[in-house]
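Commentary on secondary and tertiary structure
Chain by chain, the residues run as shown.
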Amino acid sequence: MSVRKNPILLESSHLLIPAILLFALYVQFHGDYGPGGGFQAGVIFASGIILYTLLHGTKRAEKVISLNTAKVFAALGLLLYAGVGVFGIILGGNYLDYNVLAHDPVHGQHWGILIIEFGVGITVAGVIISIFYAFAKFKK
Amino acid sequence: MLAVTAIAIIAMRNILSVIMLGGIYSLLSATFFVLLDAVDVAFTEAAVGAGISTVLFLSALAATGKHQALTRKNHIIPVFVVLVTGAGLIYSTSDMPAFGDPNAPVHTHVAPRYIQQSGEEIGIPNIVTSVLASYRAFDTLGEVAVVFTALIAVLLLLGLNRGSRQDKS
């Protein structure tokens, strides 16, 4: 495709992609303090990968993150989220009760929210990357 | 603006332009959410609605066709259903409390507790995150499960699973 040889697009994407991925991590871990969280961060991270895929094709993108890796991440995030709930039960609380996760309830809440938001983030990123790959490879 | 975009979407026959207008519609709704001080929702709308949905629609379009097939079916029944539903929705808005009414149920039920006590109970400044990730953690778990289910459904439909590939070859 001619898009992939356009130097302006290639160079500007090389500038943009690291910034997009970094911004996704910022949105992910700053969600407690400002707008954002796992859903938005996952989508932004996936959009960085999608931009790379659009310019370099699925073959090179799959060297960065393959369809199978993305699928595994999608499942891992959901497992992490549900696992935090089960871990709470083991520590003597209710399912998804974060108060028991640390020495005092507020710290436990911090940990719980941070971990489940991370789970949400990797699930959303994994799902969107996989769906995009699925569509991109469909024609072939 | 939203209405103009929506009417343009209905009038268009070229699916590519419809998808682009859909992205614009999402971006306009995002600005609308910012006006309502719902920055988290606006953020999601801009990222998912304007960004990812548009890209996914475009990639779906690449796998199908560019123009909408002209249908010669009778449009009277669908139009009737839409009109009746729309009239019902507009009629039911008359029962809703006025915009910004402090006595509206949404402001008197659990919201005061979240605003007054989430700082002590959860200890993070963004109340939206407290509600989403802690008070309503079960709902969010369900949402993540829905997202994951969507992935499974897409992979099954597009036949990219390892099992189905073996079936074909």
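Note: the structure precedes this text.
Just so it is clear, the structure is predicted and the values come from calculations on it, not from any experiment.

What counts as what
- Residues numbered from 1 in each chain as written.
- Chains lettered and ligands numbered in written order.
- Predicted model: local features only at pLDDT ≥ 70, side-chain atom pairs only at ≥ 80, totals over all residues.
- Heavy atoms only, no water.
- Helix = DSSP H or I, 4+ residues; strand = E, 2+ residues; numbered from the N terminus.
- Buried < 20%, exposed > 50% of the residue type's maximum accessible area, 1.4 Å probe, protein only.
- Contact = heavy atoms within 4.5 Å.
- Phe/Tyr/Trp six-rings, centres within 6.5 Å; stacked < 30°, edge-to-face > 60°.
- Core = buried A, V, L, I, M, F, W, Y, C linked by side-chain atoms within 4.5 Å.
- Axes fitted to C-alpha atoms, helices over the stretch in contact; angles between N-to-C directions.
- Parallel < 35°, antiparallel > 145°, perpendicular 65-115°, else oblique.
- Nonpolar A, V, L, I, M, F, W, Y, C, P; charged D, E, K, R; others polar.
- Buried area = accessible area lost by both parts, 1.4 Å probe.
- Salt bridge = Lys/Arg side-chain N within 4 Å of Asp/Glu carboxyl O.
- Polar contact = N/O pair within 3.5 Å; in protein donor to acceptor, adjacent residues only side chain to side chain.
- Expected span 1.5 Å × (residues − 1).

1. Regarding the overall build of chain A
- When you go through chain A residue by residue, the secondary structure sums to four helices and zero strands.
- Beginning at the N terminus, the succession of helices and strands in chain A can be written as α-α-α-α.
- Seen along its three principal axes, the alpha-carbon backbone of chain A occupies a region of about 60 × 30 × 20 Å.
- Expressed as a percentage of the 140 residues in chain A, the buried residues total 49%.
- Within chain A, contacts between residues separated by at least 24 positions form 64% of all contacts whose residues are at least 6 apart in sequence.

2. Remarks on the packing of aromatic side chains
- If you walk through the whole model with that rule in mind, you get six aromatic pairs over all chains.
- Between Phe-32 of chain B and Phe-33 of chain B, the ring centres sit 6.2 Å apart and the planes meet at 40°, which makes this aromatic pair tilted.
- Residue Phe-32 of chain B is classed as partly exposed on the basis of its relative accessible area, which comes to 41%.
- Here a set of aromatic residues connected by ring pairs shows up, and it is made of Phe-23 and Tyr-26 of chain A together with Phe-43 of chain B.

3. Some remarks on the nonpolar core
- Counting 44 residues, the largest nonpolar core has Tyr-81, Tyr-98, Ile-128, Ile-129, Ile-131 and Tyr-133 of chain A together with Leu-151 of chain B as the members making the most contacts within it.
- For this core, the secondary-structure elements that each account for two or more residues are α2 (38–64), α3 (67–90) and α4 (105–138) of chain A together with α3 (39–63) and α8 (137–158) of chain B.
- Per-element tally for this core: the top contributor is α4 of chain A, with 12 residues.
- Aside from chain neighbours lying at most four places away, what touches Ile-128 of chain A is Val-43, Ala-46 and Ile-50 of chain A together with Ile-52 of chain B.
- Counting residues in hydrophobic clusters, the runner-up holds six residues, among them Ala-24, Ala-41 and Ile-44 of chain A together with Phe-43 of chain B.

4. Notes on the packing of helix α6 (residues 111–121) of chain B against helix α7 (residues 127–135) of chain B
Residues and elements named next belong to chain B.
- For the pair α6 and α7, the least separation of the axes is 10 Å and the interaxial angle reads 75°. With respect to α7, the axis of α6 lies roughly perpendicular. Contacts between α6 and α7 involve Arg-113, Tyr-114, Ile-115, Gln-117, Ser-118 and Glu-121 from the former and Ile-127, Ser-130, Val-131 and Tyr-135 from the latter.
- Residues of the contact of α6 with α7, tallied by class, amount to five nonpolar, three polar and two charged.

5. Here's the deal with the interface of chain A and chain B
- Tallying the contact residues gives 45 residues for chain A and 41 residues for chain B.
- Summed over both partners, the interface of chain A with chain B buries about 3,800 Å², with 78% contributed by carbon and sulfur atoms.
- Among the residues of chain A in contact with chain B, Phe-39, Leu-78 and Phe-135 of chain A are the three that bury the most area, contributing 16% of the side total.
- Linking chain A with chain B are zero salt bridges, by the criterion used here.
- Applying the counting rule to chain A against chain B returns 11 residue pairs in polar contact (both at pLDDT 80 or more).

6. Observations concerning the side chain of Thr-54 of chain B
Residue and element names in this part refer to chain B.
- Note that Thr-54 resides in helix α3.
- A relative accessible area of 10% places Thr-54 in the buried class.
- When residues no more than four places from it in sequence are discounted, the contact partners of Thr-54 are Ile-19, Gly-23 and Gly-49.

7. Points about the environment of Thr-44 of chain B
- Inspection of the secondary structure assignment puts Thr-44 of chain B in helix α3.
- A sequence separation of 86 residues divides Thr-44 of chain B from Ser-130 of chain B, and the C-alpha atoms of the two residues are 17 Å apart.
- In this view, Thr-44 of chain B contacts Gln-40 of chain A together with Gly-49 of chain B; residues no more than four positions away in its chain are not counted.

8. Here's the deal with unusual backbone geometry
- Backbone geometry places Leu-96 of chain A, a non-glycine residue, at a positive phi of 60°.
- With respect to the helices, strands and loops of the structure, Leu-96 of chain A is situated in the loop between α3 and α4.
- Positive phi, normally seen in glycine, also occurs at Asp-37 of chain B, with a value near 65°.
- Within the secondary structure, Asp-37 of chain B sits in the loop between α2 (15–35) and α3.

9. Some details on α3 of chain A
- Spanning 24 residues, α3 of chain A covers 34 Å between terminal C-alpha atoms, matching the ideal 34 Å at 1.5 Å per step.
- Within the sequence span of α3 of chain A, burial applies to Leu-67, Ala-70, Lys-71, Ala-74, Gly-77, Leu-78, Tyr-81, Val-84, Gly-85 and Gly-88 of chain A.
- On its buried face, α3 of chain A is in contact with α2 and α4 of chain A together with α8 of chain B.
- Of the residues flanking the end of α3 of chain A, it is Gly-92 of chain A, one or two places downstream, whose phi is positive at about 100°.

10. Re the pattern of salt bridges
- The final tally for this structure, using the stated rule, is two salt bridges over all chains.
- When the shortest N-O distance is used, the salt bridge between Glu-62 of chain A and Lys-137 of chain A registers 2.7 Å. Placement of Glu-62 of chain A in helix α2 and of Lys-137 of chain A in helix α4 is noted, with a sequence separation of 75 residues between them.
- Put simply, Asp-139 of chain B and Arg-136 of chain B hold a salt bridge, and the shortest N to O gap is 4.0 Å.

Scope: geometric values only; no functional claims are made or implied.
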